Amino acid sequence: MNSQPIPGPGSWKLDNAHFPRPVSPIARDIYTTAFPEGFAAGAKRYGLPVTTLAYRESGGWMYNQPHPLGAPLGAATPPEPVLWLISRLHPEYRRRRSTGRRTSEILAQDVDEWENVHRPARIAAHLALLRDDPGTLDDAALTAHVNRCVATFRDSVTLHSRLTVAANIGMGRFAERVSEVTGTDVKEVVGAVHGSSPVSVADEPTLRVLVDALRSEPDALRSVTATEADPATALNELAGADGPLGEAARLWLGTAGERTLDTFDVLAPRAIEVPAFLLATLRSAAEGGVAQADPQPVLAELRMQFGRSTAATSEFDALLADARRSLALRDARVLYNDYWSAGLTRRALLAVGERLVARHRLARPEYALLAEVTEIDDALTNDSLPDSLAERWHRLQQTSPPAKTLGAPEPPPPPLRAFGEPHRTNLRLTLLCISLNFDEHEAVVSAGVRGHGASRGVVEGTARVITSSDDFARVQPGDILVAPTTSPTWNILLPLVSGLVVDHGGPLCHTAVVARECGIPAVVGTGNATTRIPDGAAIRVNGTTGEVLVVRGSAVGAAGEKLPC
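Residues numbered from 1 in each chain as written. Predicted model: local features only at pLDDT ≥ 70, side-chain atom pairs only at ≥ 80, totals over all residues. Heavy atoms only, no water.

**Description of the sheet that holds strand E1 (residues 11-14)**
Right, so step 1: A sheet is described by the order of its strands in space; here four strands give the open sequence E2-E3-E1-E4, paired in antiparallel fashion. Only two strands of the sheet have a single partner each, and these edge strands are strand E2 (50-58) and strand E4 (405-407). Looking at each pair of strands side by side, their axes are set apart by 30 degrees on average, direction ignored.
Right, so step 2: Relative to strand E3 (residues 61-68), E1 is paired through two bridges, and the arrangement is antiparallel. When the sheet's bridge partners are listed, lysine 13 is paired in E3 with asparagine 64.
Right, so step 3: Packed on one face of the sheet, helix H1 (residues 25-45) meets E2 and E3 and runs near 170 degrees to E2. (Pairing = 2+ DSSP bridges. Helix = DSSP H or I, 4+ residues; strand = E, 2+ residues; numbered from the N terminus. Axes fitted to C-alpha atoms, helices over the stretch in contact; angles between N-to-C directions. Contact = heavy atoms within 4.5 Å.)

Right under this line is the structure:
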């Protein structure tokens, strides 16, 4: 029986898509405050009948719960007649009615503001932190630097969550309407939209500048592409080069290299800590980059099915434009926000840990990653450090598997017919986007697994089961990546892998989006691929049907028994 404490009233759902491991105190404090604050602002901006998405920690794991508008957190759904009255008479519902009718206009504004205001500001904030070398700062300056990193991390999470609705609603509207008109399955409609998120395939300005600089210096290019090159040495030599090449290398390593790899947390390693895969990304870009799939033939067919009249084609094009706007925000709002902030905060905390190790106050630098911010201040300025940091670290390694839900039984969605427009449509789209992001396929006990076909195509190869970024070094060219989930910074693996299979997520999750951007067959939401597909087995991935078969080796059954091929 699970003994986790219930984090609050109502039903709480485990968020193992964003937090596949227990969280640090710093991430816990930021996500339980900043995320709901930002999400509340985004929900209000788009006129959603939702107050926010609340986050709480239990037993080291992160759980969330939708907070309905006009009711306390954890409240049961009222009877339909009561909900009908609330949605029409409650002042906040009435205020949100007008904005809820302007989602396309607001989305265009949000994307424009992201590109021209927020993203440049986030880049500037992170580069300002990067200019400080934490190891060279005195104690007071290092304490101040940690506090600036945490404040930047908090701002990043707030902005990320504020843009969550924007990053989904355009795709939701496109998928629902096109499916309704053409009869095409909504998952197939989602799968037709790609090519709008270059950052999802590690194509960003700092990398392009570095590749251009490399191509102008043939000796440096040869050293990078040489297969025998030591990754850490090659990257250090680039960063130490003179002129434009060194400047471009340092900027790219300070962006892509300083992001965390697999969670929104300081406990995740930074990409620079796995230099082999930063070098793989650079090599791939220097050799022409990932060949993105062409979405036009499928979209042209959907457009024709949608209708041939001028009104129909205009509606389709407007819906598609909004879908692409949302898609452009998906990974960018993470890579330029949370992951970069978490990585730079980790960098600062490890500098604290190294200093405390040198003073014989800690046994290992990484113990500092589990300190509260106030404990860091005390440790450096008052020479006071809790004895429990090592104990926290060892307890973290032994954390029990979490419960999928805590508290009351998960309630059914509120009846849509109780809401007036535009709340009914916007709530329906919200529920659709949640399903497309997170719904998993029911596990099937067979010679393989089944999930959602997320990116078309069939591929056979060696299954490489990767449960964290610590396993990245085991990935070989042509392997099929099998993982619990992937994050935007896992994109550095894409130059190597030929297919993707993940336990969690739906057709609109990160893995699905990035697989379509690259034309890699993918199956998502299997629920159990990492436990049922042996590492090293030969598997066949059908990204169209959602089937993954073990063609050589043995699948593992629900009770751990070997199943025949």
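**Here's the deal with the layout of surface pockets**
Right, so step 1: Computed from the structure, the second largest pocket encloses a volume of approximately 800 Å³.
Right, so step 2: Forming the walls of the second largest pocket are 32 residues, and the residues nearest its centre are Pro20, Arg21, Trp61, Thr467 and Pro484.
Right, so step 3: Taken together, the elements giving at least two residues each to the lining of the second largest pocket come down to helix H17 (389-397) and helix H20 (529-532).
Right, so step 4: Element by element, the count of residues in the lining of the second largest pocket is highest for H17, at three residues.
Right, so step 5: A class-by-class count of the residues in the lining of the second largest pocket yields 12 nonpolar, 13 polar and seven charged. (1 Å grid on protein atoms, 1.4 Å probe; cavity = no way out; pocket = protein on both sides within 12 Å on 5 of 7 lines; lining within 4 Å. Points joined across faces, edges and corners; volume = space filled by probe spheres on them. Nonpolar A, V, L, I, M, F, W, Y, C, P; charged D, E, K, R; others polar.)

**Some remarks on H17**
Right, so step 1: Every buried residue belonging to H17 is among Leu389, Arg392, Trp393 and Leu396, and all of these are buried. Seen from one end, H17 has its buried residues packed into an arc of 100 degrees, which puts them on one side.
Right, so step 2: Residues of H17 that are buried in the fold lie against helix H16 (373-381). (Buried < 20%, exposed > 50% of the residue type's maximum accessible area, 1.4 Å probe, protein only. Arc of directions from axis to C-beta.)

**A short note on the confidence of the model for the protein chain**
Right, so step 1: Per-residue pLDDT for the protein chain has a mean of 87; in total, 92% of the residues score no lower than 70.
Right, so step 2: The least confident element of the protein chain is strand E14 (residues 562-563), whose mean pLDDT is 36; the most confident is helix H5 (residues 139-162), at 97. (pLDDT = per-residue confidence, 0-100.)

**Examining the pairing of strand E12 (residues 547-552)**
Right, so step 1: Where strand E11 (residues 538-542) meets E12, five bridges bridge the pair, whose relative direction is antiparallel. Its bridge partner lying in E12, valine 541 is registered against valine 548.
Right, so step 2: Here E11 folds back onto E12 in antiparallel fashion, the turn holding four residues, of which glycine 546 has a positive phi close to 85 degrees.

**Some points on the side chain of threonine 164**
Right, so step 1: Relative to the assigned elements, threonine 164 resides in the loop between H5 and helix H6 (166-182).
Right, so step 2: Overall, threonine 164 belongs to the buried group, its relative accessible area being 14%.
Right, so step 3: Side-chain polar atoms of threonine 164 contact the backbone oxygen of histidine 160, separated by 3.2 Å.
Right, so step 4: Sequence-distant contacts of threonine 164, defined by excluding residues within four places in its chain, comprise Phe35, Phe39 and Arg333. (Polar contact = N/O pair within 3.5 Å; in protein donor to acceptor, adjacent residues only side chain to side chain.)

**Some remarks on the nonpolar core**
Right, so step 1: One finds Ile30, Tyr31, Tyr46, Val146 and Phe153 to be the most contacted residues of the largest nonpolar core, which totals 64 residues.
Right, so step 2: Listing elements by their share of this core, those giving two or more residues are H1, E2, helix H4 (103-130), H5, H6, helix H15 (332-358), H16 and H17.
Right, so step 3: By residue number, the principal contributor to this core is H15, which donates 12 residues.
Right, so step 4: The residues touching phenylalanine 153, leaving out its near neighbours within four places in the chain, are Ile26, Ile30, Tyr31, Phe264, Val266, Asp338, Ser341, Ala342 and Thr345.
Right, so step 5: Core analysis: the next-biggest nonpolar cluster, separate from the first, contains 47 residues, Leu214, Ala220, Leu235 and Ala454 among them. (Core = buried A, V, L, I, M, F, W, Y, C linked by side-chain atoms within 4.5 Å.)

**Focus: the state of the cysteines**
Right, so step 1: By the definition in use, this model includes zero disulfides.
Right, so step 2: Among the cysteines around cysteine 509, which has no disulfide bond, cysteine 433 carries the closest sulfur, lying 13 Å off. (Disulfide = S-S within 2.5 Å.)

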